[in-house]
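Commentary on secondary and tertiary structure
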Amino acid sequence: MQLFAQVLPLLIRVVDQSPADADVKAGWPAFGLFMLLVAAVVFLGFSLSKQLRKAAAAKDAGVYDDPDEPESHPTS
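Residues numbered from 1 in each chain as written. Predicted model: local features only at pLDDT ≥ 70, side-chain atom pairs only at ≥ 80, totals over all residues. Heavy atoms only, no water.

**Let's talk about the overall build of the protein chain**
Along the backbone of the protein chain there are two helices and zero strands. The burial tally for the protein chain puts 1% of its 76 residues in the buried class. (Helix = DSSP H or I, 4+ residues; strand = E, 2+ residues; numbered from the N terminus. Buried < 20%, exposed > 50% of the residue type's maximum accessible area, 1.4 Å probe, protein only.)

**Quick word on the packing of aromatic side chains**
Summed over the entire model, instances satisfying the criterion amount to one aromatic pair. Geometrically, the ring pair formed by Trp28 and Phe31 is edge-to-face, given 5.9 Å between the ring centres and 85° between the ring planes. Of this pair, Trp28 and Phe31 both sit in helix α2 (residues 27–60), three residues apart, which is roughly one turn of the helix. (Phe/Tyr/Trp six-rings, centres within 6.5 Å; stacked < 30°, edge-to-face > 60°.)

**Remarks on α2**
Taking 1.5 Å of rise per residue, the 34 residues of α2 would be expected to cover 50 Å, and the 50 Å separating its terminal C-alpha atoms lies within 8% of that figure. Following α2 by one or two positions, Gly62 has its phi on the positive side, about 85°. (Expected span 1.5 Å × (residues − 1).)

**Side note on helix α1 (residues 2–15)**
Counted at 1.5 Å a residue, the expected span for α1 with its 14 residues is 20 Å, and the 20 Å between its end C-alpha atoms agrees. At Leu8, α1 shows its maximal kink, close to 30°; a proline, Pro9, follows between one and four residues later. Taken across its 14 residues, α1 has zero buried, putting it largely on the surface. (Bend = angle between axes of the 7 residues up to and from the residue.)

**Looking at a nonpolar patch on the surface**
A contiguous nonpolar patch, built from Leu3, Phe4, Val7, Leu8, Leu11, Ile12, Val14 and Val15 and spanning about 780 Å² of accessible area, is present on the exposed surface. As for its placement among the helices and strands, Val14 is situated in helix α1. With relative accessibility at 63%, the residue Val14 sits in the exposed group. (Patch = residues over 30% accessible without salt bridge, like charges linked within 9 Å, V, L, I, M, F, W, Y side chains within 5 Å. Areas by Shrake-Rupley, 256 points an atom, 1.4 Å probe, with all protein chains shown as cover. Salt bridge = Lys/Arg side-chain N within 4 Å of Asp/Glu carboxyl O.)

Now the structure itself:
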């Protein structure tokens, strides 16, 4: 068992194919993609707030049949 514990780190070092730190960089394309994703989230946030305002205005105007609201006209 001790032999396995001594050989395992050497085996991992030989098998590991990770690149050197100097070879890994995100670069400008990844930054551009990140900025596009940020812009998409901002656009979706503004769009959601606009749709929620429209839905609230329609509810206030009585477009939706809301069963929780008491009826404004008398029933005969």
